[in-house]
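Coordinate inspection notes
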Amino acid sequence: MIIKFRLDGRDVSVEVEPNELLLNVLRDKLGVKAPKYSCGIGECGACTVLLDGEPVLSCLTLAVDANGREVTTASGIKGEEAEMLMKAFAEEGAVQCGFCTPGMFVMSYALLHEKKRPTEEEIREYLRGNLCRCTGYVNIVRGIEKVVEMGGKK
Ligand code: FES
Ligand code: FES
């Protein structure tokens, strides 16, 4: 079947199988490489995207579920708050690797939309599904805290 949706601010249409996963369609059919294929079983968060503004694991989401909706990947997150977050991530050394960062970024952005002033504990809890296998979470938490200190979402 053919599905249509908004992807990072543009309209797309693509032919998919009923059992095809959103992650594979984004990466292999639509050429959007920000969400990463890592564990493929919902354990790591590297494939996180926003579906109508809510974070979902695209490796566990059927592509047909995106029909008529809005999908935003790390590449499509724009605006003042996203810029603050990018700057804070860069300054705090939170951009650690290309694998986990897109998912971490999407989740951090979603958190700051849900909660203006999350505590360190709340940040760690919110990011618990996003795994880093090598470096750790200190700089990422600091990056989010920096946005909070700067005033967060206006
Ligand atoms: S690739 Fe989706 S959670 Fe790991
Ligand atoms: S997995 Fe990306 S920095 Fe550890």
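Residues numbered from 1 in each chain as written. Chains lettered and ligands numbered in written order. Predicted model: local features only at pLDDT ≥ 70, side-chain atom pairs only at ≥ 80, totals over all residues. Heavy atoms only, no water.

**What about the overall build of the protein?**
- Check the secondary structure of the protein and you find five helices and five strands.
- Along the protein, from the amino end to the carboxyl end, the secondary structure elements read β-β-α-β-β-β-α-α-α-α.
- Along the first, second and third principal axes, the C-alpha set of the protein runs to 45 × 35 × 20 Å.
- Per-residue burial over the protein gives 46% buried out of 154 residues.
- Taking as baseline every contact in the protein between residues at least 6 positions apart, the subset at least 24 positions apart corresponds to 58%.
- Roughly 7800 Å² of accessible area belongs to the protein as shown, and the carbon and sulfur atoms make up 50% of that amount.
- In the protein, 20 positive and 23 negative side-chain charges are present, and the distance between their average locations comes to 3 Å. (Helix = DSSP H or I, 4+ residues; strand = E, 2+ residues; numbered from the N terminus. Buried < 20%, exposed > 50% of the residue type's maximum accessible area, 1.4 Å probe, protein only. Contact = heavy atoms within 4.5 Å. Areas by Shrake-Rupley, 256 points an atom, 1.4 Å probe, with all protein chains shown as cover. Lys, Arg positive; Asp, Glu negative; His and termini not counted. Charge placed at Lys NZ, Arg CZ, Asp CG, Glu CD.)

**Here's the deal with helix H5 (residues 138–150)**
- Between its first and last C-alpha atoms H5 spans 18 Å; for 13 residues at 1.5 Å apiece the expected length is 18 Å, and the two agree.
- For H5, every residue scored as buried is listed here: Ile140, Val141, Gly143, Ile144, Val147 and Val148. When H5 is viewed along its axis, its buried side chains cluster within an angular range of 155° and face the same direction.
- Residues of H5 that are buried sit in contact with helix H2 (80–91), helix H3 (101–114) and helix H4 (120–126).
- Downstream of H5 by a residue or two, Gly151 has a phi angle that is positive, lying close to 115°. (Expected span 1.5 Å × (residues − 1). Arc of directions from axis to C-beta.)

**Topic: the sheet that holds strand S5 (residues 70–72)**
- Ordered by their spatial adjacency, five strands build an open sheet running S2-S1-S5-S3-S4, and the pairing between neighbours is mixed. Of all the strands in the sheet, the pair left with one neighbour each is strand S2 (10–15) and strand S4 (54–57). Here the average twist between neighbouring strands, direction ignored, is 40°.
- Pairing between strand S3 (residues 48–51) and S4: four bridges, direction antiparallel. What sits directly across from Thr48, in S4, is Leu57.
- Sheet strands in contact with helix H1 (residues 22–29) are strand S1 (2–7), S2, S3 and S5, and its direction is about 105° off that of S2. (Pairing = 2+ DSSP bridges. Axes fitted to C-alpha atoms, helices over the stretch in contact; angles between N-to-C directions.)

**Topic: the domain arrangement of the protein**
- Domain annotation for the protein reports domain 1 (2–76) and domain 2 (80–150).
- Taking only C-alpha atoms, the centre of domain 1 and the centre of domain 2 are 21 Å apart.
- The interface is formed by 14 residues belonging to domain 1 together with 14 residues belonging to domain 2.
- Across the interface of domain 1 and domain 2, roughly 1100 Å² is buried in total on both sides, 65% from carbon and sulfur atoms.
- Area buried by domain 1 at its contact with domain 2 is led by Lys36, Cys44 and Ala74, which between them contribute 35% of it.
- Put simply, domain 1 and domain 2 have four residue pairs in polar contact (both at pLDDT 80 or more) between them.
- Looking at the side of domain 1 that touches domain 2, the element that brings in the most residues is S3, giving three residues.
- Along the lines of polarity and charge, the residues of the side of domain 1 that touches domain 2 split into eight nonpolar, four polar and two charged. (Domains from an automatic or database assignment. Buried area = accessible area lost by both parts, 1.4 Å probe. Polar contact = N/O pair within 3.5 Å; in protein donor to acceptor, adjacent residues only side chain to side chain. Nonpolar A, V, L, I, M, F, W, Y, C, P; charged D, E, K, R; others polar.)

**Section: the pattern of salt bridges**
- Applying the stated criterion to the full structure yields nine salt bridges.
- Residue Arg6 pairs with Asp11 through a salt bridge whose shortest N-O separation is 3.2 Å.
- Between Lys87 and Glu91 there is a salt bridge, and its shortest N-O distance comes to 3.0 Å. Of this pair, Lys87 and Glu91 both sit in helix H2, separated by four residues, roughly a single helical turn.
- The exposure class assigned to Glu91 is partly exposed, which follows from its relative accessible area of 43%.
- Each of Lys87, Glu91, Glu92 and Lys146 takes part in a single network of salt bridges with overlapping partners. (Salt bridge = Lys/Arg side-chain N within 4 Å of Asp/Glu carboxyl O.)

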